[in-house]
Amino acid sequence: MGNKVVVKSGASKELTPQALALLKASSSLSEEEIIDLHAAFWNDFPSGRMDKHGFVKYYEEIKDENDKTNVLCDHVFAVFDRDHDGTIDFYEFLIAVAAGSPGDLDSHLNYVFEMCDVSGDGQMDLHELAAFLKASLTIAGKSDKANKNYPKELAIGVFNTLGVGEGEKLNKEQFIQGCKKDPDLRELFGGGH
């Protein structure tokens, strides 16, 4: 489909038993699902690297039906392109697919944190949280066009609730533990009551 693919040295088509076990342990996918995804990935991307155009194709198939404008696609790609080279390998792709349906509250909040931490530094700043909230509110049809500052104000409220200053960063532990203790934050981030 005309995808520009960047080949990274060391990309291997072989799904070793060790890699399969690791992927199975770090996702909710079955061994068969991982093997099927692996085969489809290598069929579509024989170099072992998926660029953003390829990701958009897959994203179209798995996205939330409310995301009509693909507003989260850039965000999701940036999060899972862990080495920031403009492509994702099979393992980064699989984590993106597997993370889309976490089961327990800790896993869900971990996923939300990872979605916010676009820089990949293990911490979330106010700008990252506001960008995530803006995209989420747009998808949910709850963006307030009259108040473009609402996502930032909401992010400031989250930071205040968690006892973190606006100029500081929030680590994963603070985020998860804080959200688990506060029912409003659990509801905001989709973790239930």
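Going by the annotation in an unreviewed UniProt entry, the name recorded for the protein is EF-hand domain-containing protein, with Adineta ricciae given as the source organism. According to its UniProt record, the protein has this under Sequence similarities (unreviewed entry): "Belongs to the recoverin family."

A.B. asks: How would you sum up the side chain of D51? Please name residues and give values.
C.D. replies: Residue position: D51 is located in strand β1 (residues 49–51). At 3.2 Å, the side chain of D51 forms a polar contact with the backbone nitrogen of H53. Separated by 2.9 Å, the side chain of D51 and the backbone nitrogen of G54 make a polar contact.

A.B. asks: Describe the pattern of salt bridges, listing the residues and the values that go with them.
C.D. replies: Enumeration over the complete set of coordinates arrives at 5 salt bridges. Its salt-bridge partner being R49, residue D89 comes within 3.5 Å of it at the nearest N-O pair. Taken together, the positions of D89 in strand β2 (residues 87–89) and R49 in strand β1 put the pair 40 residues apart, joining distant regions of the chain. Its salt-bridge partner being D106, residue K180 comes within 2.8 Å of it at the nearest N-O pair.

A.B. asks: Break down the packing of helix α6 (residues 105–116) against helix α9 (residues 172–181) for me, with residues and values.
C.D. replies: Orientation of α6 relative to α9, taken along the N-to-C sense of each, is 130°, at an axis distance of 10 Å. Judged on the interaxial angle alone, α9 and α6 are oblique. Seen along the crossing, α6 lies across α9 with a hand that is right-handed. In contact with L105, D106, L109, N110, V112, F113 and E114 of α6, α9 contributes K172, F175, I176, C179 and K180.

A.B. asks: Explain the nonpolar core to me, and be specific about the residues and the numbers.
C.D. replies: Judged by nonpolar contacts, the single largest core of 47 residues is most densely connected at M50, F55, F90, L129, F175 and F189. For this core, the domains that each give at least three residues are domain 1 (17–100) and domain 2 (105–190). The contact partners of F189, leaving out residues within four places of it in the chain, are H108, L109, V112, L129, F132, L133, V158, F175 and C179.

A.B. asks: Run through the packing of aromatic side chains, naming residues and quoting values.
C.D. replies: Using the criterion set out here, one finds 4 aromatic pairs in the structure. Judged by centre distance (6.3 Å) and plane angle (75°), the rings of F41 and W42 are edge-to-face. Neither F41 nor W42 differs from the other in exposure class; each is buried. A ring pair is formed by F113 and F175, whose centres lie 5.9 Å apart and whose planes are at 50°; its orientation type is tilted.

A.B. asks: Go over α9 with me, naming the residues and quoting the values.
C.D. replies: Within α9 the residues assigned to the buried category are F175, I176, G178 and C179. Packed against the buried residues of α9 are α6, β3 (123–124), β4 (170–171) and α10 (183–188). Where α9 begins, the side chain of N171 points an oxygen toward the backbone nitrogen of E173, at a separation of 3.0 Å.

Calculation rules
- Residues numbered from 1 in each chain as written.
- Predicted model: local features only at pLDDT ≥ 70, side-chain atom pairs only at ≥ 80, totals over all residues.
- Heavy atoms only, no water.
- UniProt positions renumbered as here; feature names shortened; annotations may be inferred.
- Helix = DSSP H or I, 4+ residues; strand = E, 2+ residues; numbered from the N terminus.
- Polar contact = N/O pair within 3.5 Å; in protein donor to acceptor, adjacent residues only side chain to side chain.
- Salt bridge = Lys/Arg side-chain N within 4 Å of Asp/Glu carboxyl O.
- Axes fitted to C-alpha atoms, helices over the stretch in contact; angles between N-to-C directions.
- Parallel < 35°, antiparallel > 145°, perpendicular 65-115°, else oblique.
- Left-handed = near helix turned anticlockwise from the far one by under 90°.
- Contact = heavy atoms within 4.5 Å.
- Core = buried A, V, L, I, M, F, W, Y, C linked by side-chain atoms within 4.5 Å.
- Buried < 20%, exposed > 50% of the residue type's maximum accessible area, 1.4 Å probe, protein only.
- Domains from an automatic or database assignment.
- Phe/Tyr/Trp six-rings, centres within 6.5 Å; stacked < 30°, edge-to-face > 60°.

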